[in-house]
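# A look at the structure
Next come the chains, spelled out residue by residue.
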Amino acid sequence: MVRLPHKKYQKPKSPSKKDPNVKRTEKDVKRIVIHKKNEDVLKETKERYRLIIETIPYGIGECDTSGTITFSNNILLSIIGYNRSEYIGKKIWDFFESEEERQGLEIYFSKIVREKSIPSPFISKMRTKDGRSITFQVDWNYKRNQLSNVTGFVYVFTDITDRERSEKDLRNSEARYRTLVETSPYSIILADLNGNITFCNQQTLRSHGFERLEDILGTNCFDLFAPESRQRAALPRLCHRRN
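Here we summarise the structure given alongside this text. Remember, it's a predicted structure, so these values are computed and weren't measured experimentally.

Enumeration according to the criterion identifies 1 cavity of 30 Å³ or more in this entry. Forming the walls of the largest cavity are 20 residues, and the residues nearest its centre are Ile92, Leu105, Phe122, Val138 and Tyr155. Secondary structure elements with two or more residues in the lining of the largest cavity: helix 2 (74–80), helix 4 (99–115), strand 3 (122–127), strand 4 (133–144) and strand 5 (150–159). Of the residues forming the lining of the largest cavity, the biggest block, 4 residues, is contributed by helix 4. For the lining of the largest cavity, the class distribution of residues is 20 nonpolar, no polar and no charged.

A few words now on the sheet that holds strand 3. Working definition: the strands of a sheet are paired by backbone hydrogen bonds and lie parallel or antiparallel to each other. The 5 strands lie next to each other as 2-1-5-4-3, forming an open sheet whose pairing is antiparallel. The two strands at the open ends of the sheet, each matched to only one other strand, are strand 2 (69–72) and strand 3. Across the sheet, the mean angle separating the axes of adjacent strands is 35° when strand polarity is ignored. For strand 1 (residues 59–64) and strand 2, the ladder comprises 3 bridges, and the chain directions are antiparallel. Residue pairing across strands places glycine 61 opposite serine 72, the latter belonging to strand 2. Lying on the sheet, helix 4 is in contact with strand 1, strand 3, strand 4 and strand 5; it crosses strand 3 at an angle near 140°. The sheet strands contacting helix 5 (residues 161–183) are strand 3, strand 4 and strand 5, and the helix crosses strand 4 at an angle near 125°.

How each quantity is defined
- Residues numbered from 1 in each chain as written.
- Predicted model: local features only at pLDDT ≥ 70, side-chain atom pairs only at ≥ 80, totals over all residues.
- Heavy atoms only, no water.
- 1 Å grid on protein atoms, 1.4 Å probe; cavity = no way out; pocket = protein on both sides within 12 Å on 5 of 7 lines; lining within 4 Å.
- Points joined across faces, edges and corners; volume = space filled by probe spheres on them.
- Helix = DSSP H or I, 4+ residues; strand = E, 2+ residues; numbered from the N terminus.
- Nonpolar A, V, L, I, M, F, W, Y, C, P; charged D, E, K, R; others polar.
- Pairing = 2+ DSSP bridges.
- Axes fitted to C-alpha atoms, helices over the stretch in contact; angles between N-to-C directions.
- Contact = heavy atoms within 4.5 Å.

Have a look at this one:
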């Protein structure tokens, strides 16, 4: 039997840190770790953004510089009644109620893309999928890339139909009140706690010889009474002060 010469085991040498291959490997590992951390941060940021967009009670949408809709949150879809496939990819003016309003927005949109106008809200009407006419307000701003070039728009869509109806009812109520006050055959005066006049109707002006409301404002209403009646007219106010 032939015996082979015995060789002593030698532990492999650790690569030297001076070895350029080792330095290159360390840099690659660091680069991978940093990239992974950045990806995790980006993923977390995107999820936070998504939760905010889907939680706030306002419609959020995005469109490109041609007016084509590229994004919508669920709230906006629920307001207008369309599903995502029916809304995404359409022009933002496709859903306006009248042809005049559609053309108006298309012209306005082209202007802000061209002139980079300062963002300002606008109010208009649209028809929902179930046929309802709603009044809405849109607040918007530009989307820009890393070079600050405009790539599109983001907008907040608010249904203000109920608010507009309430404001209209209030205006109608005020108009009715004003008509009743100004056509009343009796003097009507509003005064503060000291008796100084803050408002009166036309009949009051005519009865006391004033031409304009400004001429009587600030006058103490008790000065309008005859001298012999002033004390009796002021008595309820004196009693109220004592109590």
